[in-house]
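Results of the structural survey
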Amino acid sequence: LAMCFVVYSYMTRTSELQLRSSFESESVTLANAAAALIGNSLVETNIDALTRLAPQVLRLPDTERMAIIDASGRIIVSFPDSALMLTPDSISTGVSRLPSSVIASAQIPGGGQLLIERSVRRMHAEMTYAHAKALELCIVLAVMGTLVAWILTARIATPLGKLAGAVLRVSDGDYQKMAVPRRSDEFATLAEQFNSMVDEIARKSQALEDSNQLLRHEVLDRRMIAC
């Protein structure tokens, strides 16, 4: 779960930064291209030509509004209306991120400035898609992690638990052998070696018990003789 959280956070954060950077760079590029298109008309102060060029600027991808500002800072053309969100910061910095749009500016050859407002709906859709892909990857990682945990439990934790129980039984004097797994792996070899050790301990324990029994008989015989 921790790995899934890290992967999801990293992927979504990286995707958002890349999408924002790409969208803003694209906005500046489109603004520069449109500014080059309307440069001559602004120099000639041809308002009619600028008004005719305004709808062509709006054909740029995701562009919703545009405004042309002359060298004195006066808005010459604002299309389709004057609702373009203009602020001193957006004009001076070139790109200003807004809740639902991005404003990009470009210097018009011969003086003046072009501002275009682009909707970020497409960027938000791409972010949503990136989040969905990251979530799918996290689900796959979670399933794989659960499967790996189950395999490790079945192949390592369970045999180790059986081995620990067998060791406790041997310490209590129960020399019952371990069941050797059917698969040929390290635990099968360990079980066979453990059974061999149990046989050796049982043999030595029995020999010691027989020796003690014989010694007890000898002590009893000597006592009887002494009596």
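Report on the accompanying structure. Since this is a predicted model, take the numbers as computed values, not measurements.

Attention shifts here to the overall build of the protein chain. Regarding its fold elements, the protein chain presents six helices and five strands. Ordered by position from N to C terminus, the α and β elements of the protein chain give α-α-α-β-β-α-β-β-β-α-α. Here the protein chain holds 227 residues, and 29% of them are scored as buried. In the protein chain, once contacts between residues fewer than 6 apart in sequence are set aside, the share between residues at least 24 apart is 56%. Accessible surface computed for the protein chain: about 14700 Å², of which carbon and sulfur atoms make up 60%.

Notably, Asp-62 is not glycine yet its phi reads approximately 65 degrees, a positive angle. With respect to the helices, strands and loops of the structure, Asp-62 is situated in the loop between helix H3 (47-57) and strand E1 (63-69). Note on Asp-62: relative accessible area 24%, which makes it partly exposed.

This part is about helix H5 (residues 121-171). Across its 51 residues, H5 extends 72 Å between first and last C-alpha, which sits within 8% of the 75 Å expected from 1.5 Å per residue. The largest bend along H5 measures about 40 degrees and falls at Thr-153. By the burial criterion, the buried members of H5 are Met-123, Met-127, Ala-130, Ala-134, Cys-138, Leu-141, Pro-159, Leu-163, Ala-166 and Val-170. Buried residues belonging to H5 abut helix H1 (2-37) and helix H6 (186-226). Positive backbone phi, at 95 degrees, marks Gly-173, one or two positions downstream of H5.

Our next topic: the packing of H5 against H6. Contact geometry of H5 with H6 gives a least axis separation of 11 Å together with a crossing angle of 5 degrees. If you check the angle between H5 and H6, you find them roughly parallel. Here Arg-155, Ile-156, Pro-159, Leu-160, Leu-163, Ala-166, Val-167 and Val-170 of H5 lie close against H6, whose contacting residues are Phe-187, Leu-190, Phe-194, Val-198 and Ile-201. Considering only residue class, the contact of H5 with H6 consists of 12 nonpolar, no polar and one charged.

Counting across every chain of the model gives 11 salt bridges. Note that Asp-62 and Arg-122 form a salt bridge whose closest N and O atoms lie 2.6 Å from each other. One end of the pair, Asp-62, is in the loop between H3 and E1; the other, Arg-122, is in helix H5, and 60 residues separate them in sequence. Taking relative accessible area as the criterion, Arg-122 reaches 31% and is therefore assigned partly exposed. Overlapping salt bridges bring together Glu-26, Asp-62, Arg-118, Arg-122 and Glu-126 as one network.

This part is about the environment of Gln-18. Note on placement: Gln-18 falls in helix H1. A relative accessible area of 54% places Gln-18 in the exposed class. C-alpha of Gln-18 to C-alpha of Met-127: the two residues are 109 residues apart in sequence and 9.9 Å apart in space.

Before going further, it helps to examine the side chain of Arg-118. You can see Arg-118 is positioned in strand E5 (residues 113-119). Within polar-contact distance, the side chain of Arg-118 engages the side chain of Ser-27 at 2.8 Å. Engagement of the side chain of Arg-118 in a polar contact is seen with the side chain of Asp-62, the distance being 3.3 Å. Beyond its immediate stretch of four places on either side in the chain, Arg-118 contacts Phe-23, Glu-26, Ser-27, Leu-30, Pro-61, Asp-62, Thr-63, Ser-100, Ser-101 and Val-102.

Residues Arg-122 and Asp-62 lie 60 residues apart in sequence; the distance between their C-alpha atoms is 7.8 Å. In contact with Arg-122, not counting residues within four places along its chain, are Phe-23, Glu-26 and Asp-62. In this structure the side chain of Arg-122 is engaged in a polar contact, spanning 2.6 Å, whose partner is the side chain of Asp-62.

Reading the values: rules and limits
Residues numbered from 1 in each chain as written. Predicted model: local features only at pLDDT ≥ 70, side-chain atom pairs only at ≥ 80, totals over all residues. Heavy atoms only, no water. Helix = DSSP H or I, 4+ residues; strand = E, 2+ residues; numbered from the N terminus. Buried < 20%, exposed > 50% of the residue type's maximum accessible area, 1.4 Å probe, protein only. Contact = heavy atoms within 4.5 Å. Areas by Shrake-Rupley, 256 points an atom, 1.4 Å probe, with all protein chains shown as cover. Expected span 1.5 Å × (residues − 1). Bend = angle between axes of the 7 residues up to and from the residue. Axes fitted to C-alpha atoms, helices over the stretch in contact; angles between N-to-C directions. Parallel < 35°, antiparallel > 145°, perpendicular 65-115°, else oblique. Nonpolar A, V, L, I, M, F, W, Y, C, P; charged D, E, K, R; others polar. Salt bridge = Lys/Arg side-chain N within 4 Å of Asp/Glu carboxyl O. Polar contact = N/O pair within 3.5 Å; in protein donor to acceptor, adjacent residues only side chain to side chain.

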